[in-house]
Amino acid sequence: MEHVVIIGNGISGVTAARHIRKLSNKRITIVSAETDYFFSRTALMYVYMGHMKFEHTQPYENWFWEKNRIELKKGLVETIDYSSKTLSLSGGDQVTYDKLILAVGSKTNKFGWPGQNLKGVQGLYSKQDLDLMEENTSVLKVERAVIVGGGLIGVEMAEMLHSRNIPVSFFVREDQFWGNVLPVKEAEIIGKHLESRGIDLRFTTELKEIISDESGRVKAVVSSNGEELACQFVGLTPGVSPNIDFLKETDLETEEGIVVNQFLETNQPDVYSIGDCAQFSKPAAGRNNLEQVWYTGRIMGETVAQTICRNKLAYKPGHWFNSAKFFDIEYQTYGWVHSKLQDGEANFYWEHKDGEMCMHFVFDKASRKFLGLNTLGIRIRHEVMNRHLDADSTIDKVMEQLKDANFDPEFYRVYEDEIVAKFNVEQGTNISAKKRSWKRILGVG
Amino acid sequence: MKNIRNIGLVVFLIGFAVFIASLFVGTYKISEDKLKSLYDTTEKIDKGDTITASLKKAAIELEILDKEFSSQFSFSSHLADLLNKSNAAISDGLADKDGITAIEVEGIYDLAIVGGKVIYSKDVVLAVFSDNPKKQKLLIDNTSWMFNESKLYEKVDDFKKDFENKLKRINGKLGEKYFVWDNKYSRFDLVKAASNGPITDNKGLFLFLTFGLCIFGALMYILPGAILMGGPGIKNNGVYHDAATSRGWIGILAFVFLLFFYILLYFYPWLIVNWTSIVDPFKGLFIEGASASQWFLYGTLYTVSMSVMGIRMFIKYRHNRYQIVRTASVLFFQIIFAFLLVEILPLFDLPAMDLKNAWPLDYDMFFDWNVTGHFDSGTVGIFMFVWGVVLSAIVIPVMVYFYGKRWYCSWVCGCGGLAETLGDPYRQLSDKRLITWKIERWMIYSVFLLAIIMTIFAGYHSYNEVNYPEMSSKDVLFGMSAYNIREWYGFLIGSIFAGVIGTGFYPILGNRAWCRFGCPLAAYMGIVQRFKSRFRITTNGGQCISCGNCSTYCEQGIDVRAYAQKGQNIVRSSCVGCGVCSAVCPRGVLNLENAPNTNGSRMEAPEVILGNEGLKEFLNK
Ligand SMILES: Cc1cc2nc3c(=O)[nH]c(=O)nc-3n(C[C@H](O)[C@H](O)[C@H](O)COP(=O)(O)OP(=O)(O)OC[C@H]3O[C@@H](n4cnc5c(N)ncnc54)[C@H](O)[C@@H]3O)c2cc1C
Ligand code: SF4
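Residues numbered from 1 in each chain as written. Chains lettered and ligands numbered in written order. Predicted model: local features only at pLDDT ≥ 70, side-chain atom pairs only at ≥ 80, totals over all residues. Heavy atoms only, no water.

(A) Here's a closer look at the state of the cysteines. All names here are of chain B. Inspection of the entire model under this criterion finds zero disulfides over all chains. With no disulfide of its own, Cys 409 has Cys 413 as its nearest cysteine by sulfur position, at a separation of 6.4 Å. Looking at Cys 415, it has no disulfide partner, and the nearest cysteine sulfur is the one in Cys 413, 4.3 Å off. (Disulfide = S-S within 2.5 Å.)

(B) Local environment of the packing of helix α2 (residues 32–39) of chain B against helix α10 (residues 184–194) of chain B. All names here are of chain B. Orientation of α2 relative to α10, taken along the N-to-C sense of each, is 130°, at an axis distance of 10 Å. With respect to α10, the element α2 is oriented oblique. Where α2 crosses over α10, the handedness of that crossing is right-handed. Here Lys 34, Leu 35, Leu 38 and Tyr 39 of α2 lie close against α10, whose contacting residues are Asp 189, Leu 190, Ala 193 and Ala 194. When the residues that make up the contact of α2 with α10 are grouped by side-chain class, the tally is six nonpolar, no polar and two charged. (Axes fitted to C-alpha atoms, helices over the stretch in contact; angles between N-to-C directions. Helix = DSSP H or I, 4+ residues; strand = E, 2+ residues; numbered from the N terminus. Parallel < 35°, antiparallel > 145°, perpendicular 65-115°, else oblique. Left-handed = near helix turned anticlockwise from the far one by under 90°. Contact = heavy atoms within 4.5 Å. Nonpolar A, V, L, I, M, F, W, Y, C, P; charged D, E, K, R; others polar.)

(C) Summary view of the site of ligand 2. Around ligand 2 there are 13 residues in total, and Cys 544, Cys 547, Gly 548, Cys 550 and Cys 585 of chain B lie nearest to it. Taken together, the residues of the shell around ligand 2 sort by class into nine nonpolar, three polar and one charged. (Near = heavy atom within 4 Å.)

(D) Structural detail: the interface of chain A and chain B. The interface of chain A with chain B comprises 61 residues on the first partner and 63 residues on the second. Carbon and sulfur atoms supply 48% of the area that chain A and chain B bury against each other, a total of about 5,200 Å² over both sides. Of all residues in chain A, His 51, Phe 407 and Phe 411 of chain A give up the largest surface area on contact with chain B, accounting jointly for 12% of the area buried on that side. For the pair chain A and chain B, the number of links is five salt bridges. Between Glu 617 of chain B and Lys 316 of chain A there is a salt bridge whose closest N-O contact spans 2.6 Å. Scanning the region where chain A abuts chain B turns up 34 residue pairs in polar contact (both at pLDDT 80 or more). Per element, the largest residue contribution to the side of chain A that touches chain B is seven residues, and it comes from helix α7 (residues 294–308) of chain A. When grouped by side-chain class, the residues that make up the side of chain A that touches chain B number 25 nonpolar, 18 polar and 18 charged. (Buried area = accessible area lost by both parts, 1.4 Å probe. Salt bridge = Lys/Arg side-chain N within 4 Å of Asp/Glu carboxyl O. Polar contact = N/O pair within 3.5 Å; in protein donor to acceptor, adjacent residues only side chain to side chain.)

(E) Structural detail: α2 of chain B. Buried within α2 of chain B we find Leu 35, Leu 38 and Tyr 39 of chain B. Across the axial projection of α2 of chain B, the buried residues extend over an arc of 75°, all falling on one side. (Buried < 20%, exposed > 50% of the residue type's maximum accessible area, 1.4 Å probe, protein only. Arc of directions from axis to C-beta.)

(F) Spatial organisation of a nonpolar patch on the surface. Residues and elements named next belong to chain B. A cluster of nonpolar side chains, namely Phe 375, Ile 382, Val 386, Val 390, Ile 394, Val 398, Tyr 401, Phe 402 and Tyr 403, defines an oily patch on the protein surface of about 730 Å² accessible area. Examining the composition of the nonpolar patch, we find that eight residues originate from one element, helix α20 (residues 378–403), more than from any other. Residue placement: Ile 382 occurs in helix α20. (Patch = residues over 30% accessible without salt bridge, like charges linked within 9 Å, V, L, I, M, F, W, Y side chains within 5 Å. Areas by Shrake-Rupley, 256 points an atom, 1.4 Å probe, with all protein chains shown as cover.)

(G) How the structure looks around the sheet that holds strand β25 (residues 370–376) of chain A. Residues and elements named next belong to chain A. Across the sheet, five strands lie side by side as β21-β22-β25-β24-β23; this open sheet has antiparallel pairing. Of all strands in the sheet, those bounded by a partner on one side alone are β21 (321–326) and β23 (345–351). This sheet shows a mean twist of 10° between the axes of neighbouring strands, independent of strand direction. Where strand β24 (residues 358–364) lies against β25, six bridges are found, and the strand directions are antiparallel. Bridge pairing links His 360 to Asn 374 in β25. On top of the sheet, helix α11 (residues 416–427) reaches β23 and β24; it is set at about 135° to β23, its chief contact. (Pairing = 2+ DSSP bridges.)

(H) The arrangement of the domain arrangement of chain A in detail. According to the domain assignment, chain A consists of domain 1 (3–107 + 241–308), domain 2 (121–238) and domain 3 (321–442). Inter-centroid distance (C-alpha atoms) of domain 1 of chain A to domain 3 of chain A is 36 Å. (Domains from an automatic or database assignment.)

(I) View of the pattern of salt bridges. All names here are of chain B. Per the counting criterion, the structure on display carries 49 salt bridges over all chains. Glu 420 is the partner of Arg 326 in a salt bridge, and the nearest nitrogen-oxygen pair spans 3.2 Å. On the criterion of sequence distance, the pair formed by Arg 326 in helix α18 (residues 321–344) and Glu 420 in helix α22 (residues 414–421) is long-range, its members being 94 residues apart. Overall, Arg 326 belongs to the buried group, its relative accessible area being 1%. Overall, the relative accessible area of 1% leaves Glu 420 in the buried class. Linked through salt bridges whose partners overlap, the residues forming this network are Arg 312, Lys 316, Arg 326, Glu 420, Asp 424, Arg 427, Arg 512 and Glu 555.

(J) The site of ligand 1, seen in detail. Around ligand 1 lies a shell of 31 residues, among which Ser 12, Glu 34, Tyr 125 and Asp 276 of chain A together with Arg 587 of chain B are the nearest. With respect to ligand 1, its neighbouring residues span chains A and B. In this structure, Arg 41 of chain A approaches ligand 1 through a side-chain N or O atom, which is 2.9 Å from an oxygen atom. The contact in question runs from an oxygen atom of ligand 1 to an N or O atom on the backbone of Trp 294 of chain A, over 2.8 Å. Relative to its unbound accessible area of 1,000 Å², ligand 1 is 94% covered by the protein chains. Elements supplying a minimum of two residues to the shell around ligand 1: α1 (11–23) and α5 (152–163) of chain A.

(K) Broad picture of the nonpolar core. In terms of nonpolar packing, the biggest core is built from 108 residues, with Ile 101, Phe 170, Phe 177, Phe 361 and Met 399 of chain A touching the most fellow members. Here this core gets seven residues from one element, more than from any other, and that element is α7 of chain A. Phe 385, Phe 457, Ala 513 and Leu 521 of chain B belong to the second largest nonpolar core, which has 67 residues in total. (Core = buried A, V, L, I, M, F, W, Y, C linked by side-chain atoms within 4.5 Å.)

(L) Molecular detail of the side chain of Thr 276 of chain B. All names here are of chain B. Positionally, Thr 276 belongs in helix α15 (residues 273–278). There is a polar contact of 3.1 Å between the side chain of Thr 276 and the side chain of Lys 192. Here the side chain of Thr 276 touches Val 273 through a polar contact of 2.6 Å, landing on its backbone oxygen.

(M) Broad picture of unusual backbone geometry. Of note, the amide linkage connecting Trp 359 of chain B to Pro 360 of chain B takes the cis form, showing an omega dihedral of 0°. In this model, Glu 249 of chain A sits at a positive phi of 60°, which is unusual for a non-glycine residue. Take Glu 249 of chain A: it is sitting in the loop between β17 (240–242) and β18 (258–260). On the accessibility criterion, Glu 249 of chain A (83% relative accessible area) is exposed.

(N) Representation of the environment of Leu 182 of chain A within the structure. Residue and element names in this part refer to chain A. Here Leu 182 is to be found in the loop between β11 (168–171) and α6 (184–196). As for Leu 182 and His 338, which are separated by 156 residues in sequence, their C-alpha atoms are 6.9 Å apart. Apart from residues no more than four positions distant in its own chain, Leu 182 is found in contact with Gln 176, Phe 177, Ala 187, Ile 190, Tyr 331, Ser 339 and Asn 374.

So, in structure tokens, the structure goes:
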């Protein structure tokens, strides 16, 4: 029986295993070092904040794996011999494979800051990081924490610390929050929101040095403008990169990540790579060559399972979408809304008077084709937006059917009429928003 | 702000301590006046006199009349003796006047047994009671079968045995209407009448010191949350660090208190008369000078807890209008329908009916006393009964079709109302495992089946009551009595399951243990919701990140994430539509909706989750 071995029990590796099991009777083993069972990395923050226990982050009960004949082996893979198809684990164990899937995920970037390995300085990626953060913020009273790097994980860390009443200073290199992704207006809303929650936001500020006390624990940081700020905890969240140190300088082709073609095949026979660690030699149209989000890992897992089970399938995600939450503001995006308008693009922006809610549409100036939507504080129906993007709908049609797209809970205030009215004024159009139609939403007629 | 909170907590704890301590103060003494006030007012005077006199005599014999007891425990330990003794004495006494006395029996035997032969006949009876037509009739009616042609007694002893057995029944029956049966209600009445002391003397003061301080303290604790918890948004910080909400020591203490409370309330109400005395002034607002029963106490506590914790809900979920409207709705139905109307209807000689209570949660609906109670109250009473039937048979399924069972379970129902307010802090404690789901289905449908069987019995009995009033054992079908079944159902399901386990176990099993495992109405609506309803929780395409907030906070133990991460809508018979999964989801994935079931879109799992274009194209080929 063919033996498929997967390194990494994250969303991509586990999805691959589940789908291979659905499609075949192959022997499946998942080798992973971090935890015994698959858990949701995206939920780590909620464990720290006391919303959940760690068990709650595990999407499957423990009996699931045996029932589905997915063998789990805990261990750190140190080397891979591609010619003998053998993995060597840190304890000395060896595992041989017929097909190998590398789903090893990411690790926190560290940029060689002085003092970055002091006690009380850490990133947030793994379960071990979570445990460390618990320890770092409880052994000693933290009067102030500093977070470096204004992306998603940085905000999550800020929210975690805030939940324990720890004052947070947040260093952001750019002059706005999440500058490479969010347009200015959205970034401003988030910035204000963080400040309203008591976060000390410092834009265009970088970390220069972390200063140690006698015991080797952080006692202060020095920022790029020379200010020394006393703190007992430093969160480093300047992004993540593929976790492939152990694979570098082997026969496997790597660059930033493990280089794969559109079929998720590496340069080694019978070796595939998926998830955060895979780097596309030719990215799919309009996508990045590294995709480090949850659902892309899942889709890669679904895709590679087909290939391994003899339905050779290219990775082809549909339209881009994503979501996040910044403290109490939910963010969703469908299609592409770049931080800066691209050539030939036009946009329409509406903001609620309280300044915690907005909708930002981007469309093609000439053809009026709808290109993307950002929302803060309003939930949007994925199905509806995806259909608009599929059908190359014009922005005018999107506006006309805006009520179909609303996904907020019942009794929530709705703003579609207000939004469309503003659109009409700015665009000189005369659109009236149609009543919500289940027929359209469910795709009949 | 923090200080206000802490002071509030202290005030609440003081109020709570006074409440507990109030059970242990006061003395208990039963006097002739007390007995009079208890029975003369409630019964017709001649009947009351008999009861009072007999109880008084029995009390004197037991040496407890006018004797002061220092606790309800020592006092109530004599009550079984008192009541049994008094009842027996009443029976004996009545035999003289209206029954057949021992002397009269001798007279019968003299004439009926001649030379060792039984010649009992109607003439014998007529002769013995020649001057008493009443007793003539009584005996002829009851013993004519004994002088029937076909009935020949060979042995004198057989005759005597039959005759004396019959007499026992006749004499016993005479007393029955004067009996004060030894049950929890009589004991409650006696202990309450006997209670004296600081509480009975200062009911108003104690109402303030207990309910007043607790409400005041709780509000001082809850209201600052609007500011302390930070801006509007999901506020579950520290839920699993807090000993109260994570089965820690506070949770265990709360559990022990609730357990004791329910056991006392349902099975030993006479031990908590002081608590009912505290709410007497409140009861007095409805009927002047009336004395509160344990059920009034419970109704008050229930409504107060829901209101105070409802305010907490308004603050906690102030960003979520679904939660606000829903909480307002359960409070409205509790305060108006379950509490006020139930107090007010009897003032107009109407049955104290909770108009929103539906079969089979209302398991008494088809019992004879309930049916006759309604029909004896005239047009309005009949209307109320018909409403109950229409509600259960038509309104409920139709509404579940359009909105799911949530319209009842988390918008209207009293049990649901308590769960959604007092119980909200415990919602995460429900068990999410698959095995528990299996147990749940077995249990809840068993209870439902039981309720149906009981209803058939009750209906059969009520039908006989109306159509064949002469029939004997109208309540017996297949050798089982409707009353017995009801008694067991009421004990096991109505009291133990719905009360002791359903609410007592909030801090252990979560706030919906009854609704999930036991409620027959939930089972009934669940079947409709699962198979014929527009309601579903829509999953938003491919946005789920499997974080697990939704499953964790599902009070019904539904593993919401298992559906959401497959892109499948959630359709489960047990879902009460509280909307909290949708509220806590950090990615805006879940939404409670009522929509048509186009192409099986309501509950089928999509073959490909939205976003994997490649796989979709491949499978379409
Ligand atoms: C705090 C945080 C929040 C996030 N929030 C979101 C979000 O809201 N939305 C979103 O879309 N994405 C989010 N992400 C990103 C998302 O979690 C990742 O994209 C996703 O988990 C990647 O999955 P994966 O299967 O590729 O790798 P991983 O989940 O990283 O799994 C790889 C596993 O392989 C193991 N491994 C690696 N090397 C070896 C070895 N040599 N031997 C044995 N085992 C090994 C690792 O220990 C790890 O357990 C978040 C990430 C973090 C850290
Ligand atoms: S809370 Fe939302 S994102 Fe998290 S598992 Fe549930 S549906 Fe998915």
